[in-house]
Amino acid sequence: MTDGSMSADAAERGADVVWAGRLHVLALDGGGAKALFTAHVLAQLEEDLGVVIADSFDLIAGTSAGGIIALALGAGLRPAEIVEHYEVLIEQVFPHARRSVWRRPRQLFRPVYDADALRTALAGVFGDLRVGDSGKRLVVPSWDVQRGGVHVFKTPHHDRLRRDWRTSMVDAANATAAAPLYFPAARVGGLRLIDGGVWANNPSVVAIAEATSMLGASIGNVRVLNIGTMEPDASHGKHLDEAGLLGWAKPAASMILNASSRGGQGIAEHLVGKQNYVRFDAPTPRGAFALDAVDREDVVGLAASASRILSPTYQAQFATHRAAAYTPAFSIPTRTGSTSENRPEAH
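Rules used in this analysis
Residues numbered from 1 in each chain as written. Predicted model: local features only at pLDDT ≥ 70, side-chain atom pairs only at ≥ 80, totals over all residues. Heavy atoms only, no water. Helix = DSSP H or I, 4+ residues; strand = E, 2+ residues; numbered from the N terminus. Buried < 20%, exposed > 50% of the residue type's maximum accessible area, 1.4 Å probe, protein only. Contact = heavy atoms within 4.5 Å. Areas by Shrake-Rupley, 256 points an atom, 1.4 Å probe, with all protein chains shown as cover. Phe/Tyr/Trp six-rings, centres within 6.5 Å; stacked < 30°, edge-to-face > 60°. Patch = residues over 30% accessible without salt bridge, like charges linked within 9 Å, V, L, I, M, F, W, Y side chains within 5 Å. Salt bridge = Lys/Arg side-chain N within 4 Å of Asp/Glu carboxyl O. Axes fitted to C-alpha atoms, helices over the stretch in contact; angles between N-to-C directions. Parallel < 35°, antiparallel > 145°, perpendicular 65-115°, else oblique. Left-handed = near helix turned anticlockwise from the far one by under 90°. Nonpolar A, V, L, I, M, F, W, Y, C, P; charged D, E, K, R; others polar. Core = buried A, V, L, I, M, F, W, Y, C linked by side-chain atoms within 4.5 Å.

**Quick look at the overall build of the chain**
Thought 1: Summing up its helical and strand segments, the chain has twelve helices and twelve strands in all.
Thought 2: Counting all 347 residues of the chain, 54% fall into the buried class.
Thought 3: The long-range share in the chain, meaning contacts at least 24 apart out of those at least 6 apart in sequence, stands at 76%.
Thought 4: Accessible surface computed for the chain: about 15600 Å², of which carbon and sulfur atoms make up 53%.

**What to know about the packing of aromatic side chains**
Centre distance and the angle of the planes are the two values used to describe a pair of aromatic rings.
Thought 1: Overall, the coordinates contain seven aromatic pairs when judged by the stated rule.
Thought 2: Look at Phe57 and Phe318: their rings are 5.7 Å apart centre to centre, the planes differ by 35 degrees, and that puts the pair in the tilted class. Taken as a pair, Phe57 in the loop between helix H2 (36-49) and strand S4 (59-62) and Phe318 in the loop between helix H12 (296-317) and strand S11 (332-333) lie far apart in primary sequence, 261 residues in all.
Thought 3: We classify Phe57 as buried; its relative accessible area is 0%.
Thought 4: An angle of 85 degrees between the planes, with centres 5.0 Å apart, marks the rings of Phe94 and Tyr113 as edge-to-face. Remark: Tyr113 occurs in the loop between helix H5 (104-107) and helix H6 (115-126) and Phe94 occurs in the loop between helix H4 (79-93) and H5; sequence separation between them is 19 residues. Tyr113 matches Phe94 in its accessibility class, with the two residues each being buried.
Thought 5: Ring pairing ties together the aromatic residues Phe94, Tyr113, Tyr182 and Phe183, which thus form one cluster.

**Here we look at a nonpolar patch on the surface**
Thought 1: Residues Ile219, Ile267 and Leu271 make up a contiguous nonpolar surface patch of about 240 Å² in total accessible area.
Thought 2: With respect to the helices and strands, the residue Leu271 is situated in helix H11 (residues 251-272).

**A few points about helix H7 (residues 169-176)**
Thought 1: The buried count for H7 comes to eight of eight residues, which makes it a mostly enclosed element.
Thought 2: Within H7, the full set of buried residues consists of Met169, Val170, Asp171, Ala172, Ala173, Asn174, Ala175 and Thr176.

**Some words on the packing of H6 against H7**
Thought 1: Orientation of H6 relative to H7, taken along the N-to-C sense of each, is 135 degrees, at an axis distance of 9 Å. Classified by the angle between their axes, H6 and H7 sit oblique to one another. Two packed elements cross with a definite hand, and for H6 against H7 that hand is right-handed. Contacts between H6 and H7 pair Leu118, Arg119, Leu122, Ala123 and Phe126 from the former with Met169, Val170, Asp171, Ala173 and Asn174 from the latter.
Thought 2: The class makeup of the residues in the contact of H6 with H7 is seven nonpolar, one polar and two charged.

**Let's talk about the environment of Arg296**
Thought 1: The residue Arg296 is located in helix H12 in this model.
Thought 2: The exposure class of Arg296 is partly exposed, given its relative accessible area of 45%.
Thought 3: On a C-alpha basis, the gap between Arg296 and Ala33 in space is 9.9 Å, while along the polypeptide they are 263 residues apart.

**Structural notes on the nonpolar core**
Thought 1: In this structure, Leu26, Phe126 and Leu225 are the most contacted members of the largest nonpolar core, which totals 66 residues.
Thought 2: Once you skip the residues sitting within four places of it in the chain, Leu26 turns out to touch Ile53, Phe57, Leu59, Ile60, Ala61, Leu73, Leu225 and Ile227.

**Here's the deal with the side chain of Ser311**
Thought 1: Looking at the secondary structure, you find Ser311 in helix H12.
Thought 2: With relative accessibility at 10%, the residue Ser311 sits in the buried group.
Thought 3: When residues no more than four places from it in sequence are discounted, the contact partners of Ser311 are Leu45 and Leu49.

This is the structure:
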């Protein structure tokens with residue numbers, strides 16, 4: 001298979017870069033604690049096939065918890081390491097005590113979980129790395145509540161992308177994962193940002209747009225692997241047809257995220273063709289897992305089964321592709337003022 005690369009004719013055209021050959025996208029859905037499934041699937045694929053997942057993808061997109069995993073891959077972490085970090089994050093960020101009955105009245109007026117706990121957990125993963133330190137091209141959606149518009153964190157893979165590289169990975173991860181009701185809005189550079197899942201829980205379409213508009217890939221050369229976070233049964237009983245606030249309070253968040261993911265899937269398949277789009281997930285009964293509570297052993301079991309099914313498809317469609325080398329479109333200053341070449345290595 002022909003690897004993707006940047007065409008030299010961009011300078012002659014005096015325009016954007018042009019991507020020559022196939023471009024592979026890894027798109028990771030949001031799902032809170034359920035994204036532990038995603039990390040386990042990727043780790044199991046690496047172990048079974050003897051591959052390095054990041055090697056097969058030219059662009060990685062992640063929303064919310066999927067954004068945390070995308071940033072971790074950009075930071076040079078292998079999926080098995082991400083699993084370890086994510087298990088710690090779940091314990092620190094989603095303590096059972098926060099879901100106790102006696103705390104429910106407070107949750108009518110305040111987010112359920114502590115923003116400081118989330119930032120502390122993220123700092124334990126990313127340290128002082130910036131988005132510009134990523135070894136992979138990244139797109140990480142969030143939502144700007146102040147102006148009511150999309151906000152997508154991007155690595156400096158195009159000359160126009162001059163700001164986000166300065167953003168710390170902790171800030172970007174905090175913003176994309178700041179789910180309403182669960183966490184307060186994140187403050188990043190004066191902006192008030194919340195979970196990207198409110199508009200792009202499945203970031204496949206965002207990544208496809210980036211691949212064609214900013215990287216200059218032909219739509220026919222884009223291939224996407226999209227991994228979900230244990231999708232529950234999305235159907236609902238007739239009792240919700242005329243339900244009010246109390247009836248919809250519990251199922252609304254799950255339904256909105258599922259609808260966003262399925263809608264993104266349909267548009268992505270239409271854009272690149274079903275033959276170039278692979279969505280992989282593990283269907284689960286409604287209520288089996290929550291955004292803030294999962295059974296670790298059950299997640300491991302589902303991921304083991306799911307990765308076994310995904311393995312032949314990954315081998316056939318993604319494993320033989322070697323991602324094009326990534327370097328920023330311009331020199332990134334270090335904190336001391338010199339230019340930096342000390343980014344995490346793209347495996």
